[in-house]
Amino acid sequence: MVPPMSAPAPTKPAPVDEISTLRVVPARHPWRWVATAIVAVLLAMAINALITNPAWDWPTVGEFVVNASILEAVRLTVVLTLLGVGLGFVLGTVLALMRISHSPLLQAVSWTYIWIFRSVPLILQLLFWYNLAILYNEIRFGVPFGPSFFGVGTMELIPPVAAAALGLALHQAAYSAEIVRSGFLSVDSGQLEAAAALGIPRTRQVWRIILPQAMRTIIPTAGNEVVGMVKGTSVVYIMALPELFYQVQVVYTRNGRVIPLLLVATFWYLVLTTVLTVVQYYVERYYARGSARALPPTPLQRVRRTVTEVRARAQRRREQSELLSGGAR
C-alpha cells in the first residue's frame, strides 16, 4: 500500500521586522536607455543637418511659403479634395447600399463599378475625363432613347476643374463604397431584428441604430482616404491645373530652386494633413460616446490637467516647506 501523502505544512508569514529590512531592488532596463540614447543622437544629427546645411535654403522657403501663387494653389488643392471626398462618399454610400441590397441587378452593377474603377489607375481616369470631348463633343438632354430637347458642349459643361473633380470623385467612390459597406456589416444584425420587432421604421433604424455604430468603423479608414485624397490631387498636374504640386514645379522651373520649393510643398501638405487628423480625432471622439464609459481627454484637456497637477504639486511643496520652517522656529 502507498502511504497517504501528508499535506504540506502551512508557511508562516514573515515577521514585520524582517519585511521592513528587505531590500527593494528596482527593475532595470539598460537596453531601453541604450535605445533612447541612440535615437536621441540620431535625432540631434538630423536636426543639425536640417539647420546647418545651406542646400536647404531656408530663406527661400520662408519667402515662397506665403507666396500668392502658392496660396492660390493650396486653395485649389483644398477645393479638389473637398469635391472629390464629398461626391465620392455620397456616391460610395449609394454603391454600398446597392451591394447589400437583395436585388441581383443592383448588386451586379455596384460590384462591376467597384471592380472597374479600382482596377484602372487614377491618372488614366483623369486623362479620360479630360479628353471626353473627343468622344462626345456635345451632350444632349431629352427622353431616353427618344427625341432630345437641347444640347450643351462638353468643354462648356465639363471644364478642366470639373473634369478633375469628377475623376477624383468617381475614383474615390469605388473605395468609399467598400469602406461604408464594411461599416454597415459591422453592426450586429440582431439589433435590426429587434428594432423591426419593435416597429421602428426602416429610415429611423438606419439613422439612429446602424449609422452611429457603423461610423466607428468607417471614420478611421475614411480619414486615411481623405488624407490620401489631399496627396492624390497632385496627380491632376497632367491636366495643367495649378494645384500645389504643379505650381511648385512651375516656380522652381523658373528660378531653379528645386529643394526649397519642394520643402514649401511639403510644408503645406503637412499643414493640410495635420488639420484633417485633428478633425478626424474629434469626429472619432464624438461617435465613441455610446461605446466608451468615459471619453478620452482632448489634447487641451490633457494640458489643463497637467498644469493643474503641477500647480497642486508646487502648492504642496510650499506648504511642506512652511511647516518645516515653522517647526524649526
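How each quantity is defined
Residues numbered from 1 in each chain as written. Predicted model: local features only at pLDDT ≥ 70, side-chain atom pairs only at ≥ 80, totals over all residues. Heavy atoms only, no water. UniProt positions renumbered as here; feature names shortened; annotations may be inferred. Helix = DSSP H or I, 4+ residues; strand = E, 2+ residues; numbered from the N terminus. Contact = heavy atoms within 4.5 Å. Axes fitted to C-alpha atoms, helices over the stretch in contact; angles between N-to-C directions. Parallel < 35°, antiparallel > 145°, perpendicular 65-115°, else oblique. Left-handed = near helix turned anticlockwise from the far one by under 90°. Nonpolar A, V, L, I, M, F, W, Y, C, P; charged D, E, K, R; others polar. Salt bridge = Lys/Arg side-chain N within 4 Å of Asp/Glu carboxyl O. Patch = residues over 30% accessible without salt bridge, like charges linked within 9 Å, V, L, I, M, F, W, Y side chains within 5 Å. Areas by Shrake-Rupley, 256 points an atom, 1.4 Å probe, with all protein chains shown as cover. Buried < 20%, exposed > 50% of the residue type's maximum accessible area, 1.4 Å probe, protein only.

Per an unreviewed UniProt entry, the protein goes by the name Amino acid ABC transporter permease and belongs to Cryptosporangium japonicum. Taken from UniProt, the Sequence similarities (unreviewed entry) comment for the protein reads in full: "Belongs to the binding-protein-dependent transport system permease family." The UniProt entry for the protein carries the following comment under Subcellular location (unreviewed entry): "Cell membrane".

Asks: Explain the environment of alanine 173 here, please?
Replies: With respect to the secondary-structure elements, alanine 173 resides in helix H9 (residues 160–185). For the pair formed by alanine 173 and alanine 96, sequence separation is 77 residues and the distance between their alpha carbons is 9.6 Å. Not counting chain neighbours up to four residues away, the residues in contact with alanine 173 comprise Gly88, Leu91, Gly92, Leu95 and Tyr113.

Asks: Is there a simple way to think about the packing of helix H4 (residues 68–99) against helix H13 (residues 258–287) in this case?
Replies: The description of two helices packed together rests on the angle between their axes and the distance between the axes. The geometry of H4 relative to H13 is characterised by a closest axis approach of 12 Å and an angle of 40° between their N-to-C directions. As the angle between them shows, H4 and H13 are arranged oblique. Between H4 and H13 lies a crossing whose hand is right-handed. Between H4 and H13, the contacting residues are Ile70, Leu71, Val74, Thr77 and Val78 on the first element and Val264, Trp268 and Leu272 on the second. The residue inventory of the contact of H4 with H13, partitioned by class, reads 7 nonpolar, 1 polar and no charged.

Asks: Whenever I open this one, the pattern of salt bridges confuses me. Can you help?
Replies: Once their charged atoms are close, side chains differing in charge can pair, the charge on each being opposite to the other. Within this structure, the stated rule accounts for 4 salt bridges. When the shortest N-O distance is used, the salt bridge between arginine 257 and aspartate 57 registers 2.9 Å. With arginine 257 in the loop between helix H12 (244–255) and H13 and aspartate 57 in the loop between helix H2 (30–52) and helix H3 (58–64), this residue pair connects regions lying 200 residues apart in the sequence. In this structure, arginine 99 and glutamate 178 form a salt bridge, with 3.2 Å as the shortest nitrogen-oxygen distance. Taken together, the residues arginine 99 in helix H4 and glutamate 178 in helix H9 connect sequence positions 79 residues apart. Here the salt bridges do not stand alone but share partners, grouping Arg99, Glu178 and Arg181 into one network.

Asks: Explain a nonpolar patch on the surface to me, please; I cannot follow it from the model alone.
Replies: Taken together, Trp111, Trp115, Ile116, Val120, Ile123, Leu124, Leu127 and Tyr237 make up a surface patch of nonpolar side chains, about 720 Å² in accessible area. Mapped by element, the contributors of at least two residues to the nonpolar patch are helix H5 (104–119) and helix H6 (122–130). Relative to the helices and strands, isoleucine 116 resides in helix H5. On the basis of relative accessibility, which here comes to 39%, the residue isoleucine 116 falls in the partly exposed class.

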